[in-house]
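Residues per chain are reported as follows:
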Amino acid sequence: MSKLLIVGTVAFDAIETPFGKTDKILGGAATYIGLSSSQFNIDNAIVSVVGDDFPDEHLSLLTKKGINIEGIEIVKGGKTFFWSGKYHNDLNSRDTLETQLNVLADFNPVVPKDYLDADIVMLGNLHPLVQLSVLEQIKKPKLTVLDTMNFWMDNALDDLLKVIAKVDVITINDEEARQLTGEHSLLKSARKIAKMGPKYVVIKKGEHGALLFHKDQIFFAPALPLEEVFDPTGAGDTFAGGFTGYLTQNQDISFENMKNAVIYGSNLASFCVEKFGTERMENLSKDEIDSRLQEFKSLTQFDIELRPTKAL
Ligand code: AMP
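Our subject in this report is the structure included herewith. (Residues numbered from 1 in each chain as written. Predicted model: local features only at pLDDT ≥ 70, side-chain atom pairs only at ≥ 80, totals over all residues. Heavy atoms only, no water.)

## Here's the deal with the site of the ligand
Then, number 1: Residues in close proximity to the ligand total 20 residues, the closest being Asp 13, Gly 28, Arg 94, Gly 234 and Asp 237.
Then, number 2: Asp 13 is positioned with one of its side-chain polar atoms (N or O) 2.4 Å from an oxygen atom of the ligand.
Then, number 3: At 2.9 Å from an oxygen atom of the ligand is found a side-chain nitrogen or oxygen belonging to Arg 94.
Then, number 4: At the level of secondary structure, the elements contributing two or more residues to the shell around the ligand comprise strand S2 (11–17), helix H4 (150–155) and helix H8 (235–250).
Then, number 5: For the shell around the ligand, the leading source of residues is H8, giving three residues.
Then, number 6: Within the shell around the ligand, the residues separate by chemical class into 10 nonpolar, seven polar and three charged. (Near = heavy atom within 4 Å. Polar contact = N/O pair within 3.5 Å; in protein donor to acceptor, adjacent residues only side chain to side chain. Helix = DSSP H or I, 4+ residues; strand = E, 2+ residues; numbered from the N terminus. Nonpolar A, V, L, I, M, F, W, Y, C, P; charged D, E, K, R; others polar.)

Right under this line is the structure:
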């Protein structure tokens, strides 16, 4: 089976939305990417770090989903990365209340031997130096994908730019694309980001869908209109997990197939937001995924004549 290597935080999150508040629950970019990509017929592994305050049940959830966790270091006496955030009423924007790097502050990642030849590498959100170190360890993957966020633009921009220069694809949300480039227009932003290195740029727009850019081509996928949105945390990472999981499974990294990957990513992200934290992604069936994909198809398909002739 093809292999997907995932790097990113495995974390505790405390989340506040207009619908409620959680204490420390399971979170982290790599957690969401792992759960989402596990829906595909692939081998996947996570490289990350936690403290010994991290419950075994969280780790066994990942193993139960078939994820290789050899690359998750457990630091004795260390505290796990912690993030807390509060969403605004529209759920499309949020404020970070606290980020505690804890064991992430001096983490030296070690890629498991079996994944040095991974087909696709998904560099999820965490310190850009950790992302760089992983890129240096692996052989020649077919595709490298990077996700990041404003925290690293504010705190480690030079290192982040070095990673951006080395990857094939970047996934980034609209506000972060604007912050990175100083451009309000997402088209101009994408063009500027492509000049920094990545051949493909994916801009995520939350409930407004996602845009894929490659040279002069653009593809847009809407997000599925949902009745219940409880907690958008992890939606971006779930998208990235679906995007890379799909590409790892079918090994076709053409622009045409990346469009399908964007749809798979959006489809999976639409489940993630329906419950708090990882809950929805922990209990998601293949049938639910397929039937929503069908809804997606009928929602976006239309037949239109480009130049209708006027009836006389
Ligand atoms: P998303 O909603 O897709 O942007 O991802 C939210 C997840 O990212 C949460 O589960 C957090 O634990 C994690 N996270 C938040 N801030 C950071 C950060 N600075 N670096 C890495 N992961 C983070």
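Continuing now.
## With respect to the pattern of salt bridges
Two side chains of opposite charge can pair, provided their charged atoms sit close to one another.
Then, number 1: Taken as a whole and assessed by the stated rule, the structure comprises 12 salt bridges.
Then, number 2: Linking Lys 162 and Asp 159 is a salt bridge whose minimum nitrogen-to-oxygen distance equals 3.6 Å. In this pair, Lys 162 and Asp 159 both sit in helix H5 (residues 157–164), three residues apart, roughly one turn of the helix.
Then, number 3: Residue class for Lys 162 comes out partly exposed when judged on its relative accessible area of 46%.
Then, number 4: For Asp 159, a relative accessible area of 18% translates into the label buried.
Then, number 5: Connected through shared salt-bridge partners, Glu 274, Arg 280, Glu 288 and Arg 292 make up one network. (Salt bridge = Lys/Arg side-chain N within 4 Å of Asp/Glu carboxyl O. Buried < 20%, exposed > 50% of the residue type's maximum accessible area, 1.4 Å probe, protein only.)

## Considerations on helix H9 (residues 255–272)
Then, number 1: With 18 residues, H9 extends 26 Å from end C-alpha to end C-alpha; this agrees with the ideal 26 Å at 1.5 Å per step.
Then, number 2: Taking burial as the measure, the 18 residues of H9 include 14 buried ones, the bulk of the element. (Expected span 1.5 Å × (residues − 1).)

## What about the environment of Leu 129?
Then, number 1: Secondary-structure assignment places Leu 129 in helix H3 (residues 128–137).
Then, number 2: A sequence separation of 39 residues divides Leu 129 from Asp 168, and the C-alpha atoms of the two residues are 17 Å apart.

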